[in-house]
Amino acid sequence: MKRPKRTTPVMAVTEAELAAMTDGLDQLHNDVGMPAMRSAVERWSSESRTTRRGFLIGAGVAAAGVAVAACSSSSGTSNTTTTGSGTTKALLTGDLAVAALAASLENLAVTAYGDVLTAASAGKLGAVPPAVATFVTTVRAQHVQHAQAWNAAITGAGHPAVTGPDKTLVPVVDKAFAKVTDVSGAAQLALMLEDIAAATYQSAVSAVKATSSIRVAASIQPVEMQHAAILHFVLGQYPVPDAFSPLAGARPLTDYTG
Amino acid sequence: MERPDHPDARGGVDPAPDPDPDELNELLVESRDLHRDAMVTTTGALDDLVELGQDRRSVDGIEPDAPPAADGAGHGASSRVITFGGGLLAAAGIAAALDAVTAGPAFASSPDVRMLQTAASIEVLAVATYKTALTLPFIGGSAANPVVKAFATTTMQQHQEHLDAFNAAVTRLGGTAQTDPDPVLAKVVQAAVPGLTSPVPVVALALELEQGAAETYVADVAALSDAESKKVTASIMGVEAQHVSVLLAVQALLAAGDPQLVTLSPTDVAGLPAAAGSVGFPNAFFPTDMARDPGEGALS
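What you see is a predicted model, and the numbers here were worked out from it, not measured in a lab.

Undergrad: Even after reading the chapter, I still don't get the overall build of chain B, so can you show me in this structure?
TA: Tallying secondary structure elements over chain B gives ten helices and zero strands in all. The order of helices and strands in chain B, counted from the N terminus, is α-α-α-α-α-α-α-α-α-α. When burial is assessed residue by residue, chain B has 58% of its 300 residues classed as buried. Looking at chain B alone, contacts between residues at least 24 apart form 80% of all its contacts between residues at least 6 apart.

Undergrad: Explanation requested: the overall build of chain A in the structure shown.
TA: The number of helices and strands found in chain A is eight helices and two strands. Listing each helix as α and each strand as β along chain A from the N terminus yields α-α-β-β-α-α-α-α-α-α. A burial count over chain A gives 57% of its 258 residues as buried. Contacts in chain A between residues at least 24 apart in sequence constitute 72% of all its contacts with a sequence separation of at least 6. Approximately 9900 Å² of chain A is accessible, and the part contributed by carbon and sulfur atoms is 57%.

Undergrad: Please explain the environment of Ala120(B) as it appears in this structure.
TA: Residue and element names in this part refer to chain B. One can find Ala-120 in helix 5 (residues 111-134). A residue is classified by how much of its surface remains accessible, and Ala-120, at 0% relative accessible area, is buried. Sequence separation between Ala-120 and Pro-137 is 17 residues; the distance between their C-alpha atoms is 28 Å. Beyond its immediate stretch of four places on either side in the chain, Ala-120 contacts Leu-163, Phe-166, Asn-167 and Gln-178.

Undergrad: Hey, could you run me through empty space enclosed by the protein in this one?
TA: Unfilled space is identified by rolling a water-sized probe across the atoms. Counted by the stated rule, this structure contains eight cavities of 30 Å³ or more. Residue lining of the largest cavity: 19 residues in total, with Ile230(A), Phe233(A), Ala249(B), Leu272(B) and Ala276(B) positioned closest to the centre. The set of elements that each furnish at least two residues to the lining of the largest cavity consists of helix 4 (130-156) and helix 7 (211-234) of chain A together with helix 10 (227-255) of chain B. Counted as a void, the second largest cavity has a volume near 160 Å³. As for the second largest cavity, its lining consists of 16 residues, of which Tyr130(B), Phe151(B), Ala152(B), Ala206(B) and Leu247(B) are closest to the centre. Within the residue set of the lining of the second largest cavity, elements represented by two or more residues are helix 5, helix 7 (146-172), helix 9 (199-223) and helix 10 of chain B. Looking at the lining of the second largest cavity residue by residue, the classes come out as 15 nonpolar, one polar and no charged.

Undergrad: For this particular structure, what's the right way to read the environment of Asn151(A)?
TA: Residue and element names in this part refer to chain A. On the secondary structure map, Asn-151 appears in helix 4. When its relative accessible area of 10% is taken as the criterion, Asn-151 is described as buried. C-alpha of Asn-151 to C-alpha of Asp-255: the two residues are 104 residues apart in sequence and 17 Å apart in space. Leaving out residues up to four positions away in the same chain, Asn-151 has contacts with Ala-103, Gly-156, Ala-161 and Val-162.

Undergrad: Explain the side chain of Ser121(B) to me, please; I cannot follow it from the model alone.
TA: Residue and element names in this part refer to chain B. Among the structural elements, Ser-121 can be located in helix 5. A polar side-chain atom of Ser-121 sits 2.6 Å from the main-chain carbonyl oxygen of Thr-118. Beyond its immediate sequence surroundings of up to four residues, Ser-121 is in contact with Gln-178, Asp-180, Pro-181, Asp-182 and Gly-297.

Undergrad: Is there a simple way to think about the pattern of salt bridges in this case?
TA: Residues and elements named next belong to chain B. This structure, assessed with the given rule, holds four salt bridges over all chains. The partner of Arg-172 in a salt bridge is Asp-226, with the nearest N and O atoms 2.7 Å apart. Here Arg-172 is found in helix 7, whereas its partner Asp-226 is found in the loop between helix 9 and helix 10, with 54 residues between them in sequence. Here Arg-172 falls in the partly exposed class, since its relative accessible area comes to 44%. Judged by its relative accessible area of 17%, Asp-226 falls in the buried class. A salt bridge links Glu-296 to Arg-292; the nearest nitrogen and oxygen atoms lie 2.9 Å apart. You'll find Glu-296 and Arg-292 in the same group, each marked buried.

Calculation notes
- Residues numbered from 1 in each chain as written.
- Chains lettered and ligands numbered in written order.
- Predicted model: local features only at pLDDT ≥ 70, side-chain atom pairs only at ≥ 80, totals over all residues.
- Heavy atoms only, no water.
- Helix = DSSP H or I, 4+ residues; strand = E, 2+ residues; numbered from the N terminus.
- Buried < 20%, exposed > 50% of the residue type's maximum accessible area, 1.4 Å probe, protein only.
- Contact = heavy atoms within 4.5 Å.
- Areas by Shrake-Rupley, 256 points an atom, 1.4 Å probe, with all protein chains shown as cover.
- 1 Å grid on protein atoms, 1.4 Å probe; cavity = no way out; pocket = protein on both sides within 12 Å on 5 of 7 lines; lining within 4 Å.
- Points joined across faces, edges and corners; volume = space filled by probe spheres on them.
- Nonpolar A, V, L, I, M, F, W, Y, C, P; charged D, E, K, R; others polar.
- Polar contact = N/O pair within 3.5 Å; in protein donor to acceptor, adjacent residues only side chain to side chain.
- Salt bridge = Lys/Arg side-chain N within 4 Å of Asp/Glu carboxyl O.

Written out as structure tokens, the structure is:
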């Protein structure tokens, strides 16, 4: 089987050409990266629907130990339970619970980068370099796509999308953001979120059961790592500090299950 | 020169005519020697790394439970082998496949071992390539940009650690450590060596290797059935992706005629062109269409 050949992009000289190249890379993303992810999500959703009907056990059955303890799951993919806040809601289990946690992390990142853009527009961060503005805008858009990918697996299995942020992290991020007064502070906050997301997805690769679920997590983790590399660069730090990406900071499923 | 006829061979580097592989071959031999030395001293450290990962997992992140289900990673490994390996299980027959699971010598050439050996072969080549690059005055000499030199040096060391980690996983599974480079990619590198006359083609070559490595490992984590090997691979794939990001950014600045902006000074960020803010991560989802064949660098 012949695979399509893809050439490494070469940057042009002028700013306009640089922007055009970036547009070209966006097209490359649409042509190359997205179809594989969509295929994995569609298969994941299909497997989850099958599991929900009880014909296939495995893909959606309480993959994570925390979820097992919190939900006392049967072979289904959702459970009704009482959360720590006293409200009753249906909790997803297995790979879909991981997807829910991931979606909540992406939602948090989208909100945080949005807040940075708002603060920058209001002049609260001082002078914002053009490259940093582009970074924030582009990264936020990619996190939107990541949230959509995770939620596609959830909604494809017949469950409502996760639209809120990781509630455990919200107060932490709010407290940190209140102290942000410049681009460096914003970059440090963003780096924390990217590190958390990357570690969580790296953890998810080993926690989820279905191959399609692994593919989705594995296709996003390196991108969060790339975001982190550029943030290190912005902060004047070496962009690839570790030979092996750490798991420290990965969020547990209790962030989702309460 | 015709590019190797392989589904994964990429066209990112212009092939050069009549390559002289002597220098690279010499470095590959040196790399293997370096690897053997390193393996002696780092085996314990790698064991610690695995244990550290296990310890961290008990505190941080999502806790895995039972072994993979019937549709889990093992299935992925089988399907990928069938896709890229020409129907290995089908050709061997059910009896032979069962033998592959239960017998030691056969397990030593299992799909997992072959994937890990291929990963090791990619790392062997990466170490040798960065070592070659560092012999060039504009990469590792007095004329080099300090950040580029530091990146090449550190990245070579990180690839050596990756090589050791993959080979540790291979030997743990009963396989033989791979100390030779990926044979298909090695031809690409050999063809490129004569053209490495400035930083631009060096960066392009490194980018090609890093992208291929990262994509291979992203594909591998969905195909590996051994849990520990999956963890090790997952901890490396994102690092290679970060190498890609740095190289994309450096490539952009070199092509734009702004090599002075290749620094680690926060104050110089203000001088970067706007588009430089997104050039390092062109895909929202990391692709795998350029992943290397899982058995490409495996020992026969």
